[in-house]
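Okay, here's what each chain looks like letter by letter:
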Amino acid sequence: MVFVTGRSQGGESGWDYATVGYSAATGAQRWVARYAGPGRSRDAARAVAISPDGRIVFVTGDSGRDAATVAYRAASGARLWVRRYRGPGYRSLATSIAVSPDGAVVFVTGGSNLSTSPRSAVDWAFTTIAYDAATGARLWTARYSGPGSAHFSSAFWALAVAVSPDSARVYVTGTAAAAGNLPSTATVAYDAATGARLWARSQCCVHADSMALSPDGSTVFTTSVSEFGPLVAYDAATGAKLWENDSIVAVSPQVAVRPGGHLVAVAGNDLEAFNAATGAVLWQDHLPGPAVGLAFGHGGRTLYQTGTIAGRAGGSAISTRAYDASTGTLLWSRSYAALPGGGSNSAAIAINPVTGAVYVTGSSAGPGSGQDYATVAYRG
């Protein structure tokens, strides 16, 4: 099955989480599950993850002033558990979710405020939570607010989380700065069993956006948003910087590592491939619009990219492109818009590891109409 999550207007309940399960083969809608927080809270799911055995779907996001995580049975959409987290201050939020490869633990990251005042612009920290995947019991909570006593300003929080292949370590990255200082990318490693911090590293003057691990778990790759944002490789065990390449011209850059581990790709305004060991540029191509998703298929032979481009008769369209991963040769390009002149916007991409099918999701609407989920499947 294919699972999509986001937010949907829920009438009396206001904005809700809305998660949909589709048949991977036909696109038929199998189930819809909604989650509404207390009262008429504004709820928006931000990320979705699936257990390794495919039996449980986890979603996380913002529910009122809390970070809320929900688990569903993948076959039916039946809700298994809900956990809400606010932390010590006024508000918490969640941006990313990952499941350990052994399927035992769900990790959620984002940020939370230490201040109890809704007007506070400081005292934020990265917040990462580990939940038991079967029961939702909270196992540990880890906060990171930079070295010393500095606290991040309100605009900054963790944006991505990843788990090592052996389920032993958790990595988060995001943008951090003490109030009044330049932003920095912060990347933190934790012991997955206890939440103990193993190392933390920062990269000055850029905004973090995404992160990926090498297949063997030895290297952490992070990308940053700036006019020339660096791709940085860290030793996963020690946090030592292995190399960086600042040739990337990127807006909201995405990063993915080839299954063999020898190539790392980054997509922003351009699509670039790098030697994973040295950071040397292997090939690049200019994209018709900023990328929002990047994934390898066919055992790493094909690299797929999605983003939003200008559509026919105005509006916008969801663009999906396939490349030969070794050479950068464009293999095919497709676009989707529900109606000419309407707004269709890409949000994410995923590959079926068995069939090689490519799934792209986002939102789509015609002129004057509301926004719907739009999910498109292509033969890889």
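None of the values given here were measured: they were computed from a predicted structure.

**Thoughts on the overall build of the protein chain**
From N to C terminus, the protein chain includes zero helices and 29 strands. The 380 residues of the protein chain split such that 54% are buried. Sequence-distant contacts, at least 24 apart, represent 45% of the contacts inside the protein chain between residues at least 6 apart. Element-wise, carbon and sulfur atoms account for 51% of the exposed surface of the protein chain, whose accessible area totals about 15,500 Å².

**Examining the sheet that holds strand S21 (residues 270–275)**
Within the open sheet, the four strands sit side by side as S19-S20-S21-S22. Their pairing is antiparallel. Of all strands in the sheet, those bounded by a partner on one side alone are strand S19 (254–257) and strand S22 (281–286). Averaged over all pairs of adjacent strands, the angle between their axes in this sheet comes to 15 degrees, without regard to strand direction. When S21 meets S22, the two strands line up antiparallel, connected through five bridges. Directly across from Asp270, in S22, lies its bridge partner His286.

**Concerning the pattern of salt bridges**
A complete count under the given rule lists seven salt bridges for this structure. Taking the shortest distance from any N to any O, the salt bridge between Lys241 and Glu244 comes out at 2.8 Å. Between Arg321 and Asp285 there is a salt bridge, with its nearest N and O atoms 3.3 Å apart. Taken together, the residues Arg321 in strand S25 (residues 316–324) and Asp285 in strand S22 connect sequence positions 36 residues apart. Taking relative accessible area as the criterion, Arg321 reaches 11% and is therefore assigned buried. The network of salt bridges with common partners includes Arg46, Asp62 and Arg91.

**Brief notes about the nonpolar core**
Judged by nonpolar contacts, the single largest core of 18 residues is most densely connected at Phe107, Phe126 and Tyr190. For this core, the secondary-structure elements that each account for two or more residues are strand S9 (105–113), strand S10 (124–132), strand S11 (138–144), strand S12 (158–163), strand S13 (169–176) and strand S14 (184–191). Those residues in contact with Phe107 that sit more than four places away from it in its chain are Ser96, Ile97, Ala98, Ser100, Ile129, Ala130, Trp140, Val161, Val163, Val170 and Ala192. By size, the runner-up hydrophobic cluster in this structure holds 16 residues, among which are Ala47, Ala49, Trp81 and Ala94.

**Points about the confidence of the model for the protein chain**
Model confidence for the protein chain is summarised by a mean pLDDT of 89, while 89% of its residues fall at 70 or above. At the level of individual helices and strands, the protein chain shows its lowest average pLDDT in strand S18 (residues 241–250), which scores 81, and its highest in strand S7 (residues 79–85), which scores 98.

Conventions adopted
Residues numbered from 1 in each chain as written. Predicted model: local features only at pLDDT ≥ 70, side-chain atom pairs only at ≥ 80, totals over all residues. Heavy atoms only, no water. Helix = DSSP H or I, 4+ residues; strand = E, 2+ residues; numbered from the N terminus. Buried < 20%, exposed > 50% of the residue type's maximum accessible area, 1.4 Å probe, protein only. Contact = heavy atoms within 4.5 Å. Areas by Shrake-Rupley, 256 points an atom, 1.4 Å probe, with all protein chains shown as cover. Pairing = 2+ DSSP bridges. Axes fitted to C-alpha atoms, helices over the stretch in contact; angles between N-to-C directions. Salt bridge = Lys/Arg side-chain N within 4 Å of Asp/Glu carboxyl O. Core = buried A, V, L, I, M, F, W, Y, C linked by side-chain atoms within 4.5 Å. pLDDT = per-residue confidence, 0-100.

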